[in-house]
Amino acid sequence: MNVRTDRRNIAIIAHVDHGKTTLVDQLLKQSGAFKAHEQIEERVLDSNDLERERGITILAKNTAIQYGDYVINILDTPGHADFSGEVERILKMVDGVLLVVDAVEGCMPQTRFVLKKALENKLAPVVVVNKIDREQARPLEVVDEVLDLFIDLGADENQLDFPVVYTSALAGTSSLDPASQGEDMQALFEAIIEHIPGPQVELDKPLQCQVTMLDYNDYLGRIAIGRIYRGALSVNEPVAVVKRDGQVQRARITKLFGFLGLKRVEIETAQAGDIVAIAGLEDINVGETVCAPDHPDPLPLLDIEEPTLKMT
Ligand code: GDP
């Protein structure tokens, strides 16, 4: 096993309204991957307009952020228990989570629900106490509540040792000290790099990519989204797809997409540790493994419910 030290695949989890969207926006804004102008335009354009413009659906749920030499993929998760299958699938693609908790409200039911899933999946947590700028903020009490919740949910020793970053997503600041607001998002970026491991991969082995989400668009048909665990993937390459029932189907990748900021960008190749969107696999399903043609080795099936196909 090797570790891709230049990558971090993380999910952001929180109770609704605790500030996930605002936080990811700030990280993107401060990452230097985009000019400020371009970002603003992206948010105001409704995703349907963008789709029409480019013929490509936007997977708003994955934001890829360049920070120095690192690429940080941040996957958004729905907080509500109704989407528990989707949360599970997203958590299968990442190595760590940002748990965002409001500095006034503290832990809420959805905080508990998503944290439970993250801990069960053995993910490395970074706790973000957000809205530190609010007058009634009670950061230290909230950290105690979070610790109690971790203990209650059976966190292991490493998980219990979680780092805490205090943020105002609104102001774009982060700090390791609850008494000072900080100046920018650097403390949070550094905590992600330091405490969440890069993806473990086998680069020189035959391809294995497990599909965890599906998307659809009129131009490309069904699009498979997943993480590459082993080897590399290139456009026009033949692949073997191991179906849920163990059958092997031959297919060819017609288009491959990576992520940059909020956009999906066409790429030629991708390697283990990357999260990609693949076109050309017509009746692909969640849980199936895309493999090298001569090595159809499936990854263990995900023990999760079937998703509904998102029509765009
Ligand atoms: P999400 O549901 O977790 O994505 O939450 P949002 O990012 O949409 O934020 C919910 C509300 O909280 C919005 O009105 C934000 O402007 C506000 N908010 C987010 N972060 C902060 C913060 O750091 N301080 C304050 N005062 N408000 C915030």
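These numbers come from a predicted model, not from an experiment.

Thresholds, definitions, all that
- Residues numbered from 1 in each chain as written.
- Predicted model: local features only at pLDDT ≥ 70, side-chain atom pairs only at ≥ 80, totals over all residues.
- Heavy atoms only, no water.
- Helix = DSSP H or I, 4+ residues; strand = E, 2+ residues; numbered from the N terminus.
- Polar contact = N/O pair within 3.5 Å; in protein donor to acceptor, adjacent residues only side chain to side chain.
- Axes fitted to C-alpha atoms, helices over the stretch in contact; angles between N-to-C directions.
- Parallel < 35°, antiparallel > 145°, perpendicular 65-115°, else oblique.
- Left-handed = near helix turned anticlockwise from the far one by under 90°.
- Contact = heavy atoms within 4.5 Å.
- Nonpolar A, V, L, I, M, F, W, Y, C, P; charged D, E, K, R; others polar.
- UniProt positions renumbered as here; feature names shortened; annotations may be inferred.
- Buried < 20%, exposed > 50% of the residue type's maximum accessible area, 1.4 Å probe, protein only.
- Salt bridge = Lys/Arg side-chain N within 4 Å of Asp/Glu carboxyl O.
- Near = heavy atom within 4 Å.
- Areas by Shrake-Rupley, 256 points an atom, 1.4 Å probe, with all protein chains shown as cover.

J.: What's the story with the side chain of Glu88 in this structure? I'm lost.
T.: Its location among the elements puts Glu88 in helix H4 (residues 84-91). In this structure the side chain of Glu88 is engaged in a polar contact, spanning 3.0 Å, whose partner is the side chain of Lys117.

J.: Would you explain the environment of Asp152 in this entry?
T.: Structurally, the position occupied by Asp152 is in helix H6 (residues 139-152). Once the C-alpha coordinates of Asp152 and Pro125 are considered, the two residues, 27 residues apart in sequence, prove to be 15 Å apart.

J.: Looking at this structure, I do not really get the packing of helix H5 (residues 109-120) against H6. What am I missing?
T.: Angle between the axes and distance between the axes are the two parameters that describe a pair of packed helices. Remark: H5 packs on H6, axes separated minimally by 10 Å, with the N-to-C direction vectors making an angle of 50°. By the angle between their axes, H5 is oblique relative to H6. At the point where H5 passes H6, the crossing takes the right-handed sense. Mapping the contact onto sequence places Thr111, Arg112, Leu115 and Leu119 in H5 and Leu149, Phe150 and Asp152 in H6. Of the residues assigned to the contact of H5 with H6, the class counts are 4 nonpolar, 1 polar and 2 charged.

J.: Looking at this model, I keep getting lost on the UniProt feature "binding site: GTP" (unreviewed entry) in the chain. Mind explaining?
T.: Within the UniProt annotation, "binding site: GTP" (unreviewed entry) is assigned to Asp17, His18, Gly19, Lys20, Thr21, Thr22, Asn130, Lys131, Ile132 and Asp133. Turning to its location among the elements, Thr22 is positioned in helix H1 (residues 20-31). The exposure class assigned to Thr22 is partly exposed, which follows from its relative accessible area of 33%. Beyond its immediate chain neighbours, meaning those up to four positions away, Thr22 contacts Ala169 and Leu170. Mapping Ile132 onto the fold places it in the loop between strand E6 (124-130) and H6. Using a relative accessible area of 14% as the deciding quantity, one classes Ile132 as buried. Once residues within four sequence positions are removed from consideration, Ile132 is found in contact with Ala103, Ala137, Pro139, Tyr166, Thr167, Ser168, Pro178 and Gln181.

J.: Looking at this model, I keep getting lost on the pattern of salt bridges. Mind explaining?
T.: Where charged atoms of side chains with opposite charge meet at close range, the side chains can pair. Under the definition given, this model contains 19 salt bridges. Salt-bridge contacts for Lys116 lead to Glu120; the nearest nitrogen and oxygen are separated by 3.3 Å. Taken together, the positions of Lys116 and Glu120, both in helix H5 and 4 residues apart, correspond to about one turn of that helix. For Lys255, the salt bridge identified is with Glu266, shortest N-O distance 3.3 Å. Highlighted residues: Lys255 in strand E15 (residues 255-260) and Glu266 in strand E16 (residues 263-267), separated in sequence by 11 residues. A relative accessible area of 30% means that Lys255 is categorised as partly exposed. A cluster of three or more residues bridged by salt bridges with shared partners is formed by Arg4, Asp6, Arg7 and Asp274.

J.: I keep staring at the site of the ligand and nothing clicks. Help me out?
T.: Contacts to the ligand come from 14 residues, most closely from Asp17, Lys20, Thr21, Thr22 and Asp133. Measuring from an oxygen atom of the ligand, one finds a side-chain N or O atom of Ser168 at 3.5 Å. Backbone polar atom of Leu170 to an oxygen atom of the ligand: 3.2 Å apart, as the coordinates give it. With the chains in place, 73% of the 580 Å² that the ligand exposes on its own is no longer accessible. Broken down by element, the shell around the ligand gets its largest block of residues, 3 residues, from H1.

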